[in-house]
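The primary structure of each chain is shown beneath.
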2 protein chains.
Amino acid sequence: MLNSALKKQLIKLKQKKYRKQFSEYIVEGVKGVFEAIHHAEVLVVVIDGVKRDLPEFAQIILICEQQEIHLEFAKSTEIDAIKSTETFPGVLAIVERPDTDIYNLEISKSVIALDRVNDPGNLGTIIRTADWFGIDTILIGEGSVDPFNEKTVRSTMGSIFKVQIAETQHLKQTLAKLKDDGYQIYGFDIKGTSLNEIKNYQKQVLLFGSESHGMHEDLKKLIDITYTIDKFGQAESLNLAISAGIALWELKK
Amino acid sequence: MLNSALKKQLIKLKQKKYRKQFSEYIVEGVKGVFEAIHHAEVLVVVIDGVKRDLPEFAQIILICEQQEIHLEFAKSTEIDAIKSTETFPGVLAIVERPDTDIYNLEISKSVIALDRVNDPGNLGTIIRTADWFGIDTILIGEGSVDPFNEKTVRSTMGSIFKVQIAETQHLKQTLAKLKDDGYQIYGFDIKGTSLNEIKNYQKQVLLFGSESHGMHEDLKKLIDITYTIDKFGQAESLNLAISAGIALWELKK
């Protein structure tokens, strides 16, 4: 049974402002919790009491005991209050949110920058795809969804622990600074040079606008080359994560 | 005000079995309804009564009158019962489901085939991406999500009307027949020939397994070449729609 402070904490962590204020976020699912234990700072693990004897849960319990991680068992009625998905996968962890302040991080050679990304699933898929292609920094501008939103975390499939998330409240100034530091700014838009021409430059930022609002005019001025993914059919646009995936493939292959 | 038969019909159309039985599906949103009127057979349009004087809704009303499409206005209380999204966009259409029986359709040169795709958003994104790359047939095997699911329809962003959806209850036999007809079967998996090597053959099927279950062993036997998207980082896998998008880009570019 969970104490009321923990219950309140879990409910509050569904909200962006408390994830920021407490500097914590929630990871759900057996695989996610295992990865969190290995790659992040886990503060509390909560397991559905009726599942404690199932092999994979028993293994999590063992690891928590070995690593002295605070472990709690929840009753079914409690789970209804704390779960963030319809079908609770039986385990969650409260994880310490890493420092995401762009000015405290060492930025990698290739960076994906996102202007006002607002779909949590798209953001998670971009983080997962970046991890596949060995891009280790994602820069997220102001007005974007919280990268530690539970839907984003889930759709990263564990890559949230492997890719460095950098946040800025001043994307324009941050990009200008990266440009001063020798980064090429590659923008992606509906009109531009064919993606076929993309070069893996020494240091580069791949900048994408939001699906609903496009790219801010102020950011466009900073772009060195605008690339476009050649169209062969009729659709008006590509999904943001698909565009990022294709761009990363063409850059890295 | 909606009559009770229409209300019941709309509620039933949220379920796969009734979409099949009635051979109808629902499209929501101004853009989607416009596209449906232009590219599909619209049976009924339902507009939120309080929005009838807004310009874009007034235009839909005008088109419905011109084309003699059955038009109804709904009260707020009725919308709560019929809407499939949290925020109803003010208009929906009941659209005639096209014939999707693989044996009644003329199949294009390049086909995407999906084994047990179960995420409606992924399927919609694949349809949208196929439309961008000019691939005009998507073959959907048994055990897959309904392509006329409202989430799928929404995430196609109108491409549901442009890409031919072919359904089969016997994917193995259908692929074997396509192979007999001269199609190359290209499979996509975690291990295989680098995608860099893919050739735009005369006729080809790009076959993808499900995210959760992979590809059925029986289908693997039909594959001529298995391709893989080279990995440069750590993620265990790519999202299905991302894999399909990258494969289509590399095939078509």
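Residues numbered from 1 in each chain as written. Chains lettered and ligands numbered in written order. Predicted model: local features only at pLDDT ≥ 70, side-chain atom pairs only at ≥ 80, totals over all residues.

K.L.:
What am I meant to see in helix α10 (residues 240-252) of chain A here?
P.N.:
One turn of the α-helix equals 3.6 residues, which is why residues spaced by three or four share an orientation. Residues and elements named next belong to chain A. Between its terminal C-alpha atoms α10 stretches 18 Å, which fits the 18 Å expected from 13 residues at 1.5 Å a residue. With respect to burial, α10 is a largely interior element, 12 of its 13 residues being buried. Those residues of α10 lying buried are L240, A241, I242, S243, A244, G245, I246, A247, L248, W249, E250 and L251. (Helix = DSSP H or I, 4+ residues; strand = E, 2+ residues; numbered from the N terminus. Expected span 1.5 Å × (residues − 1). Buried ≥ 20, exposed ≤ 12 C-beta atoms within 10 Å, placed from the backbone.)

K.L.:
Help me understand the pairing of strand β9 (residues 204-208) of chain B in this model?
P.N.:
Each regular strand displays side chains that alternate between the two surfaces of the sheet. Residue and element names in this part refer to chain B. For β9, a buried count of 5 out of 5 residues is recorded, marking the element as mostly surrounded by other parts of the structure. Of the two faces of β9, the one lined by Q204, L206 and F208 and the one lined by V205 and L207 are each fully buried. Bridge count between strand β5 (residues 110-114) and β9: 5 bridges; the pairing is parallel. Opposite I112, over in β9, you have L206 as the bridge partner. (Pairing = 2+ DSSP bridges.)

K.L.:
Which parts of the structure should I look at to understand the relation of the copies chain B and chain A?
P.N.:
The relation between the two copies of this chain is a rotation about an axis and a shift parallel to it. Laying chain B over chain A is done by rotating through 180° and shifting 0.0 Å along the axis; what remains is an RMSD of 0.0 Å. With respect to symmetry, the two chain copies, as superposed, fit the operation of a two-fold axis. With an isologous cut-off of 70% or more, the 100% of interface residues of chain B that recur at the interface of chain A puts this contact in the isologous class. (Least-squares fit on C-alpha atoms with pLDDT ≥ 70 in both. Contact = placed C-beta atoms within 7 Å.)

K.L.:
When you look at unusual backbone geometry in this model, what are you seeing that I'm missing?
P.N.:
Most peptide bonds adopt trans geometry, and most residues besides glycine take a negative phi value. Residue and element names in this part refer to chain A. Even without glycine at this site, S23 takes up a positive phi of about 55°. Relative to the helices and strands, S23 is located in the loop between α2 (16-22) and β1 (24-28). Exposure remark for S23: the 13 C-beta atoms within 10 Å place this residue in the partly exposed category.

K.L.:
I keep staring at the interface of chain B and chain A and nothing clicks. Help me out?
P.N.:
By a frequent convention, interface size equals the accessible area lost on bringing the separate parts together. Each partner contributes residues to the interface: chain B has 29 residues there, and chain A has 29 residues. Only α6 (120-132) and α10 (240-252) of chain B provide two or more residues apiece to the side of chain B that touches chain A. Taken together, the residues that form the side of chain B that touches chain A break down as 11 nonpolar, 10 polar and 8 charged. (Nonpolar A, V, L, I, M, F, W, Y, C, P; charged D, E, K, R; others polar.)

K.L.:
Please explain the domain arrangement of chain A as it appears in this structure.
P.N.:
Residues and elements named next belong to chain A. Looking at the assigned domains, one finds that chain A contains domain 1 (4-96) and domain 2 (102-252). Just the C-alpha atoms count here: the centres of domain 1 and domain 2 sit 30 Å apart. Secondary-structure elements contributing two or more residues to the side of domain 1 that touches domain 2 are α2, β1 and α3 (30-39). Examining the composition of the side of domain 1 that touches domain 2, we find that 5 residues originate from one element, α3, more than from any other. The class makeup of the residues in the side of domain 1 that touches domain 2 is 5 nonpolar, 3 polar and 5 charged. (Domains from an automatic or database assignment.)

K.L.:
Sorry, what's going on with the sheet that holds strand β3 (residues 70-74) of chain B here?
P.N.:
Remark on secondary structure: sheet strands pair via backbone hydrogen bonds, oriented parallel or antiparallel. All names here are of chain B. Pairing within the open sheet is mixed, and its 4 strands lie in the order β1-β4-β2-β3. Two strands in the sheet have a free side with no partner beyond their single neighbour: β1 (24-28) and β3. Adjacent strand axes in the sheet meet at a mean angle of 20° when their direction is disregarded. Along the sheet, helix α3 (residues 30-39) contacts β1, β2 (42-48) and β4 (91-96); its crossing angle with β4, the most-contacted strand, is approximately 30°. (Axes fitted to C-alpha atoms, helices over the stretch in contact; angles between N-to-C directions.)

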